[in-house]
Amino acid sequence: NDINLDNIEGYILDLRGNNGGNSSVLLPFKEFVIVNGLQGVVLTDNKTFSSAVLATASFKKLGATLVGENPAMRTYHYGDAPRHNIDGVVFSCCTKEFDDSLIFGYRGPIKTDVCVEKTIKDYKNNTDSQLDKAIDVVSQIISEREGFDE
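The residue count restarts for each chain, going from 1 along the sequence in the order it is written. Totals for whole chains, interfaces and linings use all residues, but because this is a predicted model, local features are given only for residues with pLDDT of at least 70 and pairs of side-chain atoms are given and counted only at 80 or more. With hydrogens and water set aside, each side-chain value is computed from the structure's full complement of heavy atoms.

1. Some points on the overall build of the protein chain
So, point 1. When helices and strands are tallied, the protein chain shows 5 helices and 8 strands.
So, point 2. Working definition: helices are DSSP H or I runs of at least four residues, strands are E runs of at least two. Numbering for both runs from the N terminus. Across the protein chain, helices and strands are ordered from the amino to the carboxyl terminus as β-α-β-α-β-β-β-β-β-α-β-α-α.
So, point 3. Exposure is judged per residue with a 1.4 Å probe applied to protein chains only, and the accessible area is read against the type maximum: over 50% gives exposed, under 20% gives buried, and values in between give partly exposed. Split into buried and exposed, the 150 residues of the protein chain put 31% on the buried side.
So, point 4. At a minimum sequence separation of 6, the contacts of the protein chain that also span at least 24 residues come to 69%.
So, point 5. Per-residue and other accessible areas were derived by the Shrake-Rupley procedure at a 1.4 Å probe size, with only the shown protein chains allowed to occlude residues. Total accessible area computed for the protein chain in this model is approximately 9600 Å², and 51% of it derives from carbon and sulfur atoms. Every residue pair with non-hydrogen atoms within 4.5 Å of one another is taken to be in contact.

Put into structure tokens, the structure is as follows:
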């Protein structure tokens, strides 16, 4: 099915549990956000690592609000860990340094703008308080933008 892209007013990018991978995967979506002047939310948790943290920083730079739990990395970190094989011994090691401290305005652990911890109640009731909060935040962003545009 085709998606009608004409009525998109905001976004939620859920990077919870994303331990990284190919940094370029989100480039088309980022381009869409920029071209359409969208604001939104990035959901993170303590299992958000590596390229997912780079994406978090990239969308934060575009004005996204970070919601959920703090990602598991700092504003200054190492990454890009290709596999090597030397005489049958396979290993990975980081080959690049990443400094996102200018985006976040500090050096240290990355902190969400709106902290929402997952609780035992979420698990028992099969609810997602982090996503609920992200929906509230993006709805607020949209309503403030509509009020500003009038």
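2. Brief notes about the packing of aromatic side chains
Any pair of aromatic rings gets described here by the distance separating the centres and the angle formed by the planes.
So, point 1. Here the aromatic set is Phe, Tyr and Trp, taking the six-membered ring for Trp, and pairing holds for ring centres within 6.5 Å; pairs whose planes are under 30 degrees apart are stacked, those over 60 apart are edge-to-face, and all others are tilted. Using the criterion set out here, one finds 3 aromatic pairs in the structure.
So, point 2. Each residue in the set Y11, F29 and F59 is aromatic and connected to the rest through ring pairs, giving one cluster.
So, point 3. Should the NZ of a Lys or the CZ of an Arg lie within 6 Å of a ring centre and within 35 degrees of the ring normal, that charge is described as sitting over the ring. Taking the ring centre of Y123 as reference, the NZ or CZ of K118 above it sits at 5.4 Å.

3. Considerations on a nonpolar patch on the surface
So, point 1. To count toward a patch, a residue needs a relative accessible area over 30% and no salt bridge; like charges are then connected within 9 Å, while nonpolar side chains (Val, Leu, Ile, Met, Phe, Trp, Tyr) are connected within 5 Å. By definition, a salt bridge exists where a carboxyl oxygen of Asp or Glu is found within 4 Å of a side-chain nitrogen of Lys or Arg. Taken together, the side chains of I3, L5 and I8 make up a nonpolar region of the molecular surface, amounting to roughly 290 Å² of accessible area.
So, point 2. Inspection of the secondary structure puts I3 in the segment before β1 (10-14).

4. Remarks on the pairing of β1
So, point 1. The rule for pairing is simple: two strands pair if DSSP sees at least two bridges between them. Pairing of β1 with strand β2 (residues 39-44), which is carried by 5 bridges, proceeds in the parallel orientation. Of the residues in β2, the one forming a bridge with Y11 is G40.
So, point 2. Note on handedness: a clockwise path from strand one over the helix to strand two, with the strands aimed away from the viewer, defines a right-handed crossover. Taken together, β1, helix α1 (residues 27-35) and β2 constitute a β-α-β crossover, and its handedness is right-handed.

5. As for the nonpolar core
So, point 1. Residues belong to a common nonpolar core when they are buried Ala, Val, Leu, Ile, Met, Phe, Trp, Tyr or Cys residues joined through side-chain atoms within 4.5 Å. Membership of the largest hydrophobic core comes to 16 residues, with the highest contact counts inside it found for Y11, L13, L15, V42 and F59.
So, point 2. Looking at this core, the element that brings in the most residues is helix α2 (residues 50-61), giving 5 residues.
So, point 3. Apart from residues no more than four positions distant in its own chain, V42 is found in contact with L13, L15, T56, F59, A64, T65, L66 and V67.
So, point 4. Formed by 8 residues, the second largest nonpolar core is a distinct cluster that contains V67, V116, V137 and I141.

6. Describing the sheet that holds strand β3 (residues 65-68)
So, point 1. Read from one edge of the open sheet, 4 strands run β1-β2-β3-β8, paired in parallel fashion. Unpaired on one side and paired on the other, β1 and β8 (114-115) mark the two borders of the sheet.
So, point 2. Pairing analysis gives 2 bridges linking β3 to β8, with the strands arranged parallel. Its bridge partner lying in β8, V67 is registered against V114.
So, point 3. Note on method: axes are straight lines fitted to C-alpha atoms, helices fitted across the in-contact stretch only, with angles between N-to-C directions ranging 0 to 180 degrees. In this fold α2 packs onto β1, β2 and β3, with an angle of close to 155° to the strand it touches most, β2.

7. Let's talk about the side chain of S51
So, point 1. With respect to the helices, strands and loops of the structure, S51 is situated in helix α2.
So, point 2. With near-sequence residues (within four places) excluded, S51 lies in contact with G20, G21, N22 and S23.

8. Points about α2
Along an α-helix, residues three or four apart share an orientation, since each turn contains 3.6 residues.
So, point 1. Look at α2: 17 Å from first C-alpha to last across 12 residues, which is about the 16 Å you get at 1.5 Å a residue.
So, point 2. Those residues of α2 lying buried are S51, A52, V53, A55, T56, A57, S58 and F59.
So, point 3. Of the surrounding secondary structure, the elements contacted by the buried residues of α2 are β1, α1, β2, β3, β4 (76-79) and α3 (101-104).
So, point 4. Where α2 terminates, the next one or two residues include G63, which has phi positive at roughly 105°. Expected span of a helix: the number of residues minus one, times 1.5 Å.

Taken by themselves, the reported measurements are silent on function.
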